[in-house]
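# Summary of structural features
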Amino acid sequence: MAEYILKECEGYTMPGWEPERMAVLGDLFKKYETVDKETLWENLKYFLEAIMPVCHETGIKMAIHPDDPPWDIFGLPRLLVDAESVDRFLSMVDDPYNCLTLCSGSLGSNPDNNVAEIVKKHADRIAFAHIRNVKHYPNGDFSETSHRDCDGDVGILDIIKAYHDSGFEGYIRPDHGRHIWGEKCRPGYGLYDRALGIMYILGAWDMLDKMS
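So, a few notes on the structure that sits alongside this text. (Residues numbered from 1 in each chain as written. Predicted model: local features only at pLDDT ≥ 70, side-chain atom pairs only at ≥ 80, totals over all residues. Heavy atoms only, no water.)

### As for the pairing of strand β2 (residues 98-103)
- Of all 6 residues in β2, 6 are buried, a share of seventy percent or more.
- Burial along β2 is two-sided: the face carrying N98, L100 and L102 and the face carrying C99, T101 and C103 are both buried.
- Alignment of strand β1 (residues 62-64) against β2, held across 3 bridges, turns out to be parallel. Note on β2: the bridge partner recorded for A63 is C99.
- As for the winding sense of the linkage, the β-α-β connection from β1 through helix α5 (residues 83-92) to β2 is right-handed.
- With 4 bridges connecting them, β2 and strand β3 (residues 126-130) associate as parallel partners. Each bridged residue has a counterpart across the sheet, and for T101 the counterpart in β3 is F128. (Buried < 20%, exposed > 50% of the residue type's maximum accessible area, 1.4 Å probe, protein only. Helix = DSSP H or I, 4+ residues; strand = E, 2+ residues; numbered from the N terminus. Pairing = 2+ DSSP bridges. Right-handed = clockwise from strand over helix to strand, strands pointing away.)

### Observations regarding the packing of aromatic side chains
- Taken as a whole and assessed by the stated rule, the structure comprises 4 aromatic pairs.
- Aromatic pair F29 and F74: ring centres 6.4 Å apart, planes at 35 degrees, arrangement tilted. Linking F29 in helix α3 (residues 25-31) with F74 in the loop between β1 and α5, this pair joins segments that are 45 residues apart in sequence.
- You can call F29 partly exposed: its relative accessible area is 25%.
- The partly exposed category is assigned to F74, whose relative accessible area is 44%. (Phe/Tyr/Trp six-rings, centres within 6.5 Å; stacked < 30°, edge-to-face > 60°.)

### Section: the pattern of salt bridges
- Enumeration according to the criterion identifies 13 salt bridges in this entry.
- Notably, a salt bridge pairs R132 with D68, separated by 2.8 Å at the nearest N-O pair. With R132 in the loop between β3 and β4 (133-136) and D68 in the loop between β1 and α5, this pair connects stretches of sequence that are 64 residues apart.
- R132 gets classed as buried once you look at its relative accessible area, which sits at 3%.
- Here D193 ties to R178 by a salt bridge, and the two come within 2.7 Å at their closest N and O atoms. One end of the pair, D193, is in helix α9 (residues 191-211); the other, R178, is in the loop between β6 (171-173) and α9, and 15 residues separate them in sequence. (Salt bridge = Lys/Arg side-chain N within 4 Å of Asp/Glu carboxyl O.)

### Re helix α7 (residues 115-122)
- Those residues of α7 that fall on the buried side of the exposure criterion are V115, A116, I118, V119 and H122. Buried residues of α7 fall within an arc of 160 degrees about the axis and therefore sit on the same side.
- As for α7, its buried residues are in contact with α5, β2, α6 (104-108), β3 and α8 (156-165).
- A side-chain oxygen of the first residue of α7 lies 3.3 Å from the backbone nitrogen of A116; this N-cap is N114. (Arc of directions from axis to C-beta. Contact = heavy atoms within 4.5 Å. Polar contact = N/O pair within 3.5 Å; in protein donor to acceptor, adjacent residues only side chain to side chain.)

### Some remarks on the layout of surface pockets
- Estimated volume of the largest pocket: approximately 2000 Å³.
- What lines the largest pocket is a set of 44 residues, among which P15, W17, D68, P69 and R78 lie closest to the centre.
- Put simply, the parts of the chain that give the lining of the largest pocket at least two residues each are α1 (2-8), α2 (19-22), α3, α4 (37-58) and β5 (142-145). (1 Å grid on protein atoms, 1.4 Å probe; cavity = no way out; pocket = protein on both sides within 12 Å on 5 of 7 lines; lining within 4 Å. Points joined across faces, edges and corners; volume = space filled by probe spheres on them.)

This is how it looks when you write it as structure tokens:
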């Protein structure tokens, strides 16, 4: 798998898949052979409870990113995969400094997840919003697409409206971007497409402001 990923990247370094990490991937998998999902939950709770006092002292909010994709992969358990697991995470350490980086692309990879409803429920615990679109295919595959609502299946306009109506004042980014207009860049991080994405998001936000 490591050789395949490095080859497919064609010289680009993917976040989390740097060559030095890939070189020890086999050893890392062996260390996790006996780690099940509940053990991960326990470790996560221990970590968060330990750092919350320092977060309060320094004014730093922790914002966990959902697992991407939101299901177990390569024999490794994933935790933040749906609305129920998000509920569990936030109630497990119920602290305003224990927050989410809510990624519509990650959670939206599973068509059963309603990201807008998660935003409505937990807007006050979202410190960082990643907004991107995903298109699903009948065989279960998915791909990232443009931020336009009609180009994907995650309900981008509903998600933007959920943030807007909740009075969200945190950070938002047009997460990821296609390679368009001949741009050569890190896979999934096209600058031109992200620029189009943020203007699409801001345009929708401006219209919601005007309508309200």
